[in-house]
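The lines below spell out each chain.
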Amino acid sequence: MSASGLIQPVRLRWSAADDAWIVCQGHTRFAAAKKLGWKTIDAGCYAEGTPIGDIRRDQLAENLVRTDPDPMKTAVVLRDIMAEWNCNAAELSARVGIHKSTVSRLLALLKADPEVQRQVAEGAVSLRQAVVRNPRRGRGGRQPRTMDVVVKVSRTQRVTVTC
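Residues numbered from 1 in each chain as written. Predicted model: local features only at pLDDT ≥ 70, side-chain atom pairs only at ≥ 80, totals over all residues. Heavy atoms only, no water.

### What to know about the packing of helix α4 (residues 89–96) against helix α5 (residues 100–109)
Packed helices, taken two at a time, are described by the angle their axes make and the gap between the axes.
Here is step 1 of the chain: At their nearest, the axes of α4 and α5 sit 9 Å apart, and the two run at 120° to each other. Considered as vectors, α4 and α5 are oriented oblique to each other. The two elements α4 and α5 cross, and the hand of that crossing is right-handed. Of the residues in α5, those in contact with Ala-89, Ala-90, Leu-92 and Ser-93 of α4 are Lys-100, Val-103 and Leu-107.
Here is step 2 of the chain: Looking at the contact of α4 with α5 residue by residue, the classes come out as 5 nonpolar, 1 polar and 1 charged. (Axes fitted to C-alpha atoms, helices over the stretch in contact; angles between N-to-C directions. Helix = DSSP H or I, 4+ residues; strand = E, 2+ residues; numbered from the N terminus. Parallel < 35°, antiparallel > 145°, perpendicular 65-115°, else oblique. Left-handed = near helix turned anticlockwise from the far one by under 90°. Contact = heavy atoms within 4.5 Å. Nonpolar A, V, L, I, M, F, W, Y, C, P; charged D, E, K, R; others polar.)

This is the structure we're talking about:
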């Protein structure tokens, strides 16, 4: 960024609870600008009242263009968007533009053994391999395994801007 400047502005949403603008897209760009000592940064702002599911969909789309998106974070975001939109995996797939089988595998990863999750996170096992190694049980009399997953999907940082 020091050589070419900011190519894509960060995106912000207003938080009435915090009485501040929250960076919801471009955390790395924002951190780099701070490290470079920049006092201002270009930002786009979501309209007040934009549903959080729509904001998370946009975050997901931005993160998926990266060369190595984190499957666990992606799965958590998909799960949260499903809850926000009150939809099933097939509807979610159509709305976010991710193939239905990929959505199913990512959601299944949330129920995988912690060791399988670790292997996927490290890149030792692909998402497809993880689903095979961790057969989901449900139909045919087998029991599903579940676990609590706590993953911070996005860091929030405050920034003052004029929109």
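### What about the confidence of the model for the protein?
Do not read the predicted coordinates in detail wherever pLDDT is low.
Here is step 1 of the chain: Averaged over all residues, the pLDDT of the protein equals 76, while 78% of them reach at least 70.
Here is step 2 of the chain: Scored below 50 in pLDDT, residues 135–163 shows 55 contacts in the model against residues more than four places distant or in partner chains. (pLDDT = per-residue confidence, 0-100.)

### Section: the packing of aromatic side chains
Here is step 1 of the chain: All chains considered together, the criterion is met by 1 aromatic pair.
Here is step 2 of the chain: The ring of Tyr-46 is capped by Arg-11, whose NZ or CZ atom sits 3.9 Å from the centre of that ring. (Phe/Tyr/Trp six-rings, centres within 6.5 Å; stacked < 30°, edge-to-face > 60°. Lys NZ or Arg CZ within 6 Å of the ring centre and 35° of its normal.)

### Structural notes on the nonpolar core
The tendency in soluble globular proteins is for nonpolar side chains to be buried as a group.
Here is step 1 of the chain: Core analysis: the largest hydrophobic core is formed by 23 residues, its most contacted members being Leu-60, Leu-78, Leu-92, Val-96 and Leu-109.
Here is step 2 of the chain: Those elements that place two or more of their residues in this core are α3 (71–85), α4, α5, α6 (114–122) and α7 (127–133).
Here is step 3 of the chain: Top contributing element to this core by residue count: α3, with 7 residues.
Here is step 4 of the chain: Filtering out sequence-adjacent residues up to four positions away, Leu-60 remains in contact with Thr-74, Val-77, Leu-78, Ile-81, Val-96 and Ile-98.
Here is step 5 of the chain: In terms of nonpolar packing, the next biggest core, distinct from the first, is built from 8 residues, Val-10, Trp-21, Val-23 and Phe-30 among them. (Core = buried A, V, L, I, M, F, W, Y, C linked by side-chain atoms within 4.5 Å. Buried < 20%, exposed > 50% of the residue type's maximum accessible area, 1.4 Å probe, protein only.)

### Concerning the pairing of strand β2 (residues 20–25)
Here is step 1 of the chain: The buried count for β2 comes to 6 of 6 residues, which makes it a mostly enclosed element.
Here is step 2 of the chain: Two elements, strand β1 (residues 10–15) and β2, share 5 bridges in a ladder whose sense is antiparallel. The residue of β2 that forms the bridge with Ser-15 is Ala-20. (Pairing = 2+ DSSP bridges.)

### What about α4?
In an α-helix, one turn spans 3.6 residues; hence positions three or four apart end up facing the same way.
Here is step 1 of the chain: Buried residues of α4: Leu-92, Ser-93 and Val-96, and no others. Projected down its long axis, α4 carries its buried residues within an arc of 105°, all on one side.
Here is step 2 of the chain: At its buried positions, α4 is contacted by α2 (52–64), α3 and α5.
Here is step 3 of the chain: Between a side-chain oxygen at the N-terminus of α4 and the backbone nitrogen of Ala-90 the separation is 3.1 Å; the capping residue is Asn-88.
Here is step 4 of the chain: Two residues or fewer past α4, Gly-97 is found with a positive phi of approximately 75°. (Arc of directions from axis to C-beta. Polar contact = N/O pair within 3.5 Å; in protein donor to acceptor, adjacent residues only side chain to side chain.)

### Some remarks on the side chain of Thr-74
Here is step 1 of the chain: If you trace the backbone, Thr-74 turns up in helix α3.
Here is step 2 of the chain: Among all residues touching Thr-74, those that are not within four sequence positions of it are Leu-60, Leu-64, Pro-69 and Leu-106.

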